[in-house]
Amino acid sequence: DADTIQGGWVYIIRNHSWPGWLKIGKAANLISRMSSYRTCEPHGGAAFEYLEAYESEFALNIEKNTHQYLSVKLEHDENNSTRRGEWYWISKDEAINAIREHWIGEFPNSE
């Protein structure tokens, strides 16, 4: 099960249909993960795009810790009052910094 596999990729994506919102997620395989998003698109113009992706043997822990951190940090943020799941109203730099804060080992360059 990909949700319990520790290693993989921590990624940031966006969808131009939802300006300002970014998703931070984890995938064992980036290509198959993006394919699963494409099958869930409500219409053809809802294109998902990877902004950053970082590989780690600790990807699951990094993702979970990043989500916990952002949930607390953004709890009273007006822009995030309608937030759902792993989507956040934050900038790309804020998302990268949140991941970097919870990285285990040396933070890599993006892929």
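Residues numbered from 1 in each chain as written. Predicted model: local features only at pLDDT ≥ 70, side-chain atom pairs only at ≥ 80, totals over all residues. Heavy atoms only, no water.

Focus: the overall build of the chain
And step 1. Looking only at helices and strands, one finds three helices and four strands in the chain.
And step 2. When the helices and strands of the chain are listed from N to C terminus, the series reads β-β-α-β-α-β-α.
And step 3. Classification of the 111 residues of the chain by burial places 39% in the buried group.
And step 4. Considering only intrachain contacts with a sequence separation of at least 6, the fraction spanning at least 24 residues in the chain is 68%.
And step 5. Counting only carbon and sulfur atoms, one obtains 48% of the accessible surface of the chain, whose full area is about 6,600 Å². (Helix = DSSP H or I, 4+ residues; strand = E, 2+ residues; numbered from the N terminus. Buried < 20%, exposed > 50% of the residue type's maximum accessible area, 1.4 Å probe, protein only. Contact = heavy atoms within 4.5 Å. Areas by Shrake-Rupley, 256 points an atom, 1.4 Å probe, with all protein chains shown as cover.)

Digging into the side chain of Asn 80
And step 1. By secondary structure assignment, the location of Asn 80 is in the loop between helix H2 (59-73) and strand S4 (87-89).
And step 2. Not counting the four nearest positions on each side in its chain, Asn 80 is found in contact with Trp 21, Leu 74, Tyr 88 and Trp 89.

Considerations on the confidence of the model for the chain
And step 1. Put simply, the chain has an average pLDDT of 87, and 85% of its residues get 70 or more.
And step 2. No element of the chain has a lower mean pLDDT than helix H1 (residues 30-39), which averages 68, and none a higher one than helix H3 (residues 92-101), which averages 97. (pLDDT = per-residue confidence, 0-100.)

A closer look at H3
And step 1. Within H3, burial applies to Ala 95, Ile 96, Ala 98 and Ile 99. Around the axis of H3, the buried residues are gathered within 160° of arc, so they sit on the same side. Opposite the buried face of H3, at more than 90 degrees from it, the exposed residues are Asp 93 and Glu 101.
And step 2. Elements in contact with the buried residues of H3: strand S1 (8-15), strand S2 (21-27), strand S3 (48-56) and H2. (Arc of directions from axis to C-beta.)

Section: the pattern of salt bridges
And step 1. Evaluation of the coordinates by the stated rule reveals three salt bridges.
And step 2. A salt bridge links Arg 14 to Glu 49; its shortest N-O distance comes to 2.9 Å. Here the residue Arg 14 occupies a position in strand S1, and Glu 49 occupies one in strand S3, the gap between them amounting to 35 residues.
And step 3. Take Arg 14: its relative accessible area is 30%, and that puts it in the partly exposed class.
And step 4. Classification of Glu 49 by relative accessible area gives partly exposed; the value is 29%. (Salt bridge = Lys/Arg side-chain N within 4 Å of Asp/Glu carboxyl O.)

Comments concerning the sheet that holds S3
Strands belonging to one sheet form pairs held by backbone hydrogen bonds; the direction of such a pair is parallel or antiparallel.
And step 1. On the basis of which strands lie adjacent, the open sheet formed by four strands has the order S3-S1-S2-S4 and antiparallel pairing. Each edge of the open sheet carries a strand with a single partner, namely S3 and S4. Each strand axis lies, on average, 25° off the axis of its neighbour in the sheet, ignoring direction.
And step 2. Pairing of S1 with S2, which is carried by six bridges, proceeds in the antiparallel orientation. Across the sheet, the residue bridging to Arg 14 is Leu 22, located in S2.
And step 3. The strands that H2 touches are S1, S2, S3 and S4; relative to S2, the one it contacts most, it runs at about 150°. (Pairing = 2+ DSSP bridges. Axes fitted to C-alpha atoms, helices over the stretch in contact; angles between N-to-C directions.)

A few points about the pairing of S1
And step 1. Of all the eight residues making up S1, seven are buried; the element is thus mostly covered by neighbouring parts of the structure.
And step 2. Across eight bridges, S1 lies against S3 in antiparallel orientation. For Ile 13, the partnering residue across the bridge sits in S3 and is Tyr 50.
And step 3. The turn linking S1 back onto S2 is made up of five residues, and Gly 20 within it adopts a positive phi angle of 90°.

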